[in-house]
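# Chains, contacts and geometry: an overview
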Amino acid sequence: MTSAERDHLIREDVEEELAWAPQVTDANVGVSVVDGVVTLYGEVGTSDERVEAMRAALRVSGVSVVANELSIRGREHLERTDSDIAAAVKHVLDWSADLPADGLQVEVHDHVVVLTGAVEWNYQRASIERLVRSLAGVGHLDNRITLTKRASAADTSRLIKNALVRHALLDAEAISVVAVGSEVTLSGVVSTSAERDAAARAAWSSPHTSAVHDKIVVRR
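Residues numbered from 1 in each chain as written. Predicted model: local features only at pLDDT ≥ 70, side-chain atom pairs only at ≥ 80, totals over all residues. Heavy atoms only, no water.

### Regarding the overall build of the protein chain
What the protein chain contains, in helices and strands, is 6 helices and 11 strands. Along the three orthogonal principal directions, the C-alpha set of the protein chain runs to about 55 × 50 × 20 Å. When the 220 residues of the protein chain are sorted by exposure, 40% land in the buried category. At a minimum sequence separation of 6, the contacts of the protein chain that also span at least 24 residues come to 65%. Total accessible area computed for the protein chain in this model is approximately 12000 Å², and 51% of it derives from carbon and sulfur atoms. (Helix = DSSP H or I, 4+ residues; strand = E, 2+ residues; numbered from the N terminus. Buried < 20%, exposed > 50% of the residue type's maximum accessible area, 1.4 Å probe, protein only. Contact = heavy atoms within 4.5 Å. Areas by Shrake-Rupley, 256 points an atom, 1.4 Å probe, with all protein chains shown as cover.)

### Focus: the packing of aromatic side chains
Scanning the entire structure with this criterion turns up 0 aromatic pairs. When the ring centre of Trp-204 is taken as reference, the NZ or CZ atom of Arg-125 above it lies at 5.0 Å. (Phe/Tyr/Trp six-rings, centres within 6.5 Å; stacked < 30°, edge-to-face > 60°. Lys NZ or Arg CZ within 6 Å of the ring centre and 35° of its normal.)

### Here's the deal with the pairing of strand S1 (residues 29–34)
Inspection of the sheet shows S1 paired to strand S2 (residues 37–44) by 6 bridges, in the antiparallel sense. In the sheet register, Val-29 faces S2, and the bridge partner there is Gly-42. Counting the residues between successive antiparallel strands, the hairpin from S1 to S2 contains 2 residues, one of them, Asp-35, with a positive phi of roughly 55 degrees. (Pairing = 2+ DSSP bridges.)

### Regarding the nonpolar core
In terms of nonpolar packing, the biggest core is built from 35 residues, with Val-89, Val-113, Leu-115, Ile-128, Leu-164, Ile-175 and Leu-186 touching the most fellow members. Considering every element that reaches this core, the biggest residue donor is helix H6 (residues 193–204), with 5 residues. With sequence-adjacent residues up to four places away left out, Leu-164 is seen in contact with Leu-170, Ala-172, Ile-175, Val-177, Ala-199 and Ala-202. Grouped together as the second largest cluster of nonpolar side chains are 19 residues, Val-33, Val-44, Ala-56 and Val-60 included. (Core = buried A, V, L, I, M, F, W, Y, C linked by side-chain atoms within 4.5 Å.)

### Looking at the layout of surface pockets
Roughly 1100 Å³ of volume is contained in the largest pocket. The wall of the largest pocket is formed by 32 residues, among which Arg-55, Asn-122, Ala-126, Glu-129 and Asp-197 lie closest to the centre. Mapped by element, the contributors of at least two residues to the lining of the largest pocket are helix H2 (47–58), helix H4 (122–133), strand S7 (140–143), H6 and strand S11 (211–218). (1 Å grid on protein atoms, 1.4 Å probe; cavity = no way out; pocket = protein on both sides within 12 Å on 5 of 7 lines; lining within 4 Å. Points joined across faces, edges and corners; volume = space filled by probe spheres on them.)

### Observations regarding the pairing of strand S9 (residues 175–180)
Strand direction decides the pairing type here: S9 and strand S10 (residues 183–190), joined by 6 bridges, are antiparallel. Residue pairing for S10: Val-178 is matched across the bridge by Thr-185. Two successive antiparallel strands, S9 and S10, enclose a turn made up of 2 residues, where Gly-181 displays a positive phi of approximately 65 degrees.

### Looking at the pattern of salt bridges
Side-chain pairing between opposite charges can occur once the charged atoms of the two side chains come close. Enumeration according to the criterion identifies 9 salt bridges in this entry. Glu-15 serves as the salt-bridge partner of Arg-11, at 3.0 Å between the closest nitrogen and oxygen. Of the two residues, Arg-11 and Glu-15 both sit in helix H1 (residues 3–20), 4 residues apart, roughly one turn of that helix. Judged by relative accessible area, which is 33%, Glu-15 ranks as partly exposed. (Salt bridge = Lys/Arg side-chain N within 4 Å of Asp/Glu carboxyl O.)

### Describing the packing of helix H5 (residues 156–166) against H6
Axis separation between H5 and H6 bottoms out at 9 Å; the angle between their running directions is 140 degrees. Classified by the angle between their axes, H5 and H6 sit oblique to one another. As H5 runs across H6, the sense of the crossing is right-handed. Residues Ile-160, Ala-163 and Leu-164 of H5 form the contact with H6, whose participating residues are Ala-199, Ala-202 and Ala-203. A class-by-class count of the residues in the contact of H5 with H6 yields 6 nonpolar, no polar and no charged. (Axes fitted to C-alpha atoms, helices over the stretch in contact; angles between N-to-C directions. Parallel < 35°, antiparallel > 145°, perpendicular 65-115°, else oblique. Left-handed = near helix turned anticlockwise from the far one by under 90°. Nonpolar A, V, L, I, M, F, W, Y, C, P; charged D, E, K, R; others polar.)

### A word on H5
Looking only at H5, the buried set comprises Thr-156, Ile-160, Ala-163 and Leu-164. The arc that holds every buried residue of H5, seen down its axis, measures 100 degrees, which confines them to one face. Across H5 from its buried face, at more than 90 degrees, point the exposed residues Val-165 and Arg-166. Tucked inside the fold, the buried residues of H5 contact S9, S10 and H6. (Arc of directions from axis to C-beta.)

### Things to note about helix H3 (residues 82–94)
Here H3 spans 18 Å end to end across 13 residues, near enough to the 18 Å set by a 1.5 Å rise per residue. Every buried residue of H3 is accounted for by Ile-85, Val-89, Val-92 and Leu-93. Each buried residue of H3 sits inside an arc of 100 degrees when the element is viewed along its axis, so together they form one side. Opposite the buried face of H3, by more than 90 degrees, sit the exposed residues Ser-83 and Lys-90. Packed against the buried residues of H3 are strand S5 (104–109), strand S6 (112–119) and H4. (Expected span 1.5 Å × (residues − 1).)

Below you can see the structure in the form of structure tokens.
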């Protein structure tokens, strides 16, 4: 199969995945593929949809690099002032029972939201990002939230490896786990970005993990 033929097949698969993703209005998203590099272009309604389109492309087998050139449609999102956005961010954080009531700071400038502070778990950090990114008016999100300090454990690598073994999606033998203190490094080769994401989630689930360095390569 030539490179051009492979690129054509990848483009078709990405377009189908975008059509399958309910968060993405695929009619407004164009796809091009050159030498295995996927480029998304066109317009979407929100910052959240922009990110979800990229995630959909990365779920496709053989895709490891996505250039996200999607822009946010029209001026409706620009009509929200920075004060409006800041108030909306505070509202969703205050009303989310699973998130800390304090310890987070929000800055908004030119529709760019900067989040700082610390939470206990990475899933909380990801949840905050998802909630804020979906708000109307948010053009870009800079998530600088860190995790609270963790005590290291001698068996962190083994416990994460066990979690990978339990995961039906993963070939645990293909992934190496090395823990130094509370920082974990993942390496190896997998078939899809979904597998890479699943391995990272397993590593973040350890109570002794404060950082995950994901060096897993998606096979092309």
